[in-house]
Amino acid sequence: MRHIISILMENESGALSRVAGLFTARGYNIESLTVAPTEDPSLSRMTLVTRGDEAIIEQITKQLNKLIEVVKLLDLSDGPHIEREMMLIKLKAERNNREELKRLVDIFRGKIIDVTDTSYIVELTGHAKKLDAFLDAVDEELIVEVVRTGPSGIGRGAKGLTV
């Protein structure tokens, strides 16, 4: 089962490598990893996506909680949450397909953020399934390059991942 683990951690050098090392040492895979500072400059929020059964995820969360830099941890998959991913995609946009690509981008509520004589760079944000559907809808030969962030998530409701 896929899990999105949100970690509030001290914003210190080496913290990311210790988390990655924990996964490597135990043979667990990280599907996606994003890290950024929070509103408190001394803390960072890490969003990690991994797969495993309940026993594996429990082991991962216990090991993560043992790390000195980890302040608080939450498995977002345990409750209602919102997740979004961003994708930048460079498309061949020749004269004969520019209008069709614009319509497709509009349908998926994306934005064309760069235009040249021969290409568009499109920004799309949403659930991973939406981004996958856009990729399926675009002619494969028009795709030059794809960059995806991996999911970020936040729990629904009044509670937050705070100190």
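What counts as what
Residues numbered from 1 in each chain as written. Predicted model: local features only at pLDDT ≥ 70, side-chain atom pairs only at ≥ 80, totals over all residues. Heavy atoms only, no water. Pairing = 2+ DSSP bridges. Helix = DSSP H or I, 4+ residues; strand = E, 2+ residues; numbered from the N terminus. Axes fitted to C-alpha atoms, helices over the stretch in contact; angles between N-to-C directions. Contact = heavy atoms within 4.5 Å. Buried < 20%, exposed > 50% of the residue type's maximum accessible area, 1.4 Å probe, protein only. Patch = residues over 30% accessible without salt bridge, like charges linked within 9 Å, V, L, I, M, F, W, Y side chains within 5 Å. Areas by Shrake-Rupley, 256 points an atom, 1.4 Å probe, with all protein chains shown as cover. Salt bridge = Lys/Arg side-chain N within 4 Å of Asp/Glu carboxyl O. Lys, Arg positive; Asp, Glu negative; His and termini not counted. Charge placed at Lys NZ, Arg CZ, Asp CG, Glu CD. Expected span 1.5 Å × (residues − 1). Arc of directions from axis to C-beta.

## Some details on the sheet that holds strand β4 (residues 70-75)
Consideration 1: Ordered in space as β2-β3-β1-β4, the four strands form an open sheet in which the pairing is antiparallel. In this open sheet, the two edge strands, each paired with only one partner strand, are β2 (32-37) and β4. For this sheet, the mean angle separating the axes of adjacent strands, direction not counted, is 15°.
Consideration 2: Strand contacts of helix α1 (residues 15-26): β1 (2-10), β2 and β3 (43-51), with the helix running at about 20° to β3, the strand carrying the most contacts.

## Notes on the pairing of strand β6 (residues 111-115)
Consideration 1: When β6 meets strand β7 (residues 119-126), the two strands line up antiparallel, connected through four bridges. Within the sheet, the bridge partner assigned to K111 lies in β7 and is E123.
Consideration 2: Remark: three residues form the turn of the hairpin made by β6 and β7, two consecutive strands paired antiparallel.

## With respect to the side chain of S6
Consideration 1: Relative to the assigned elements, S6 resides in strand β1.
Consideration 2: With relative accessibility at 0%, the residue S6 sits in the buried group.

## Digging into a negative patch on the surface
Consideration 1: A cluster of like negative charges, contributed by E100, D139, E140 and E141, occupies part of the molecular surface.
Consideration 2: When you line up the elements, E140 lands in the loop between α4 (128-137) and β8 (143-148).
Consideration 3: Accessibility expressed as a relative area gives 69% for E140, which makes it exposed.

## Quick word on α1
Consideration 1: In this model, α1 (12 residues) spans 17 Å end to end at C-alpha, consistent with the 16 Å of a helix rising 1.5 Å per residue.
Consideration 2: Taken together, the buried positions of α1 are A15, V19, L22 and F23. End-on view of α1: buried residues confined to an arc of 90°, all on one side of the axis. Facing away from the buried side of α1 by more than 90 degrees, the exposed set consists of T24 and A25.
Consideration 3: Packing partners of the buried residues in α1 comprise β1, β3 and α2 (54-66).
Consideration 4: Two residues or fewer after α1 comes G27, characterised by a positive phi angle close to 75°.

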